[in-house]
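So the chains spell out like this:
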Amino acid sequence: MRQLTVRNIDERLYRRLCEAARANRRSLASEVRAILDQAVLRDRADVARRAAAMRTRLASSFRGDVTADIRNDRER
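Fair warning: this is a prediction, and the values are worked out from it, not measured in the lab.

## Some words on the confidence of the model for the chain
A residue-level look at the chain finds 100% of positions with pLDDT of 70 or above and a mean pLDDT of 88. The least confident element of the chain is helix α4 (residues 66-75), whose mean pLDDT is 85; the most confident is helix α1 (residues 11-23), at 97.

Shown next as structure tokens:
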């Protein structure tokens, strides 16, 4: 396996990572791996489903001609 060194971590972030590791009954290294897995290795299908749901929710928020709104905004 590869190793990764992260330098200059803010003290507050480090404390929060330690607290999360303790709460999840993991070592600090295991907690960081779990966070990285969750952040980077998400299932693409899950991301696509959530994006589609967000588009559906936001669709009702937009009324009128979006292209015209963008053009008008650029001309200001």
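## What about α1?
Spacing of three or four residues puts side chains on the same side of an α-helix, whose turn is 3.6 residues. Its 13 residues give α1 an end-to-end C-alpha distance of 18 Å, which sits within 8% of 18 Å, the value for a rise of 1.5 Å per residue. Looking only at α1, the buried set comprises L17, C18 and A21. Taken end-on, α1 shows its buried residues confined to a sector of 100°, consistent with a single buried face. Turned more than 90 degrees away from the buried face of α1 sit R12, R16, R22 and A23, all of them exposed. Of the surrounding elements, those touching the buried residues of α1 are α2 (28-40). In this structure D10 caps α1, since a side-chain oxygen of it lies 3.1 Å from the backbone nitrogen of R12. Within two residues after α1, R25 carries a phi angle of roughly 55°, on the positive side.

## Things to note about the packing of α1 against α2
Axis separation between α1 and α2 bottoms out at 9 Å; the angle between their running directions is 95°. Our classification of the angle between α1 and α2 gives roughly perpendicular. On the side of α1, the interface is formed by Y14, L17, C18, A20 and A21, while α2 contributes L28, E31, V32 and I35. Grouping the constituent residues of the contact of α1 with α2 by class yields 8 nonpolar, no polar and 1 charged.

## Remarks on the pattern of salt bridges
Considering all chains together, one arrives at 3 salt bridges under this definition. When the shortest N-O distance is used, the salt bridge between R49 and D46 registers 3.8 Å. Of this pair, R49 and D46 both sit in helix α3 (residues 44-59), 3 residues apart, roughly one helical turn. If you follow the salt bridges from partner to partner, you end up with D46, R49 and R50 in one network.

Rules behind the numbers
Residues numbered from 1 in each chain as written. Predicted model: local features only at pLDDT ≥ 70, side-chain atom pairs only at ≥ 80, totals over all residues. Heavy atoms only, no water. pLDDT = per-residue confidence, 0-100. Helix = DSSP H or I, 4+ residues; strand = E, 2+ residues; numbered from the N terminus. Expected span 1.5 Å × (residues − 1). Buried < 20%, exposed > 50% of the residue type's maximum accessible area, 1.4 Å probe, protein only. Arc of directions from axis to C-beta. Contact = heavy atoms within 4.5 Å. Polar contact = N/O pair within 3.5 Å; in protein donor to acceptor, adjacent residues only side chain to side chain. Axes fitted to C-alpha atoms, helices over the stretch in contact; angles between N-to-C directions. Parallel < 35°, antiparallel > 145°, perpendicular 65-115°, else oblique. Nonpolar A, V, L, I, M, F, W, Y, C, P; charged D, E, K, R; others polar. Salt bridge = Lys/Arg side-chain N within 4 Å of Asp/Glu carboxyl O.

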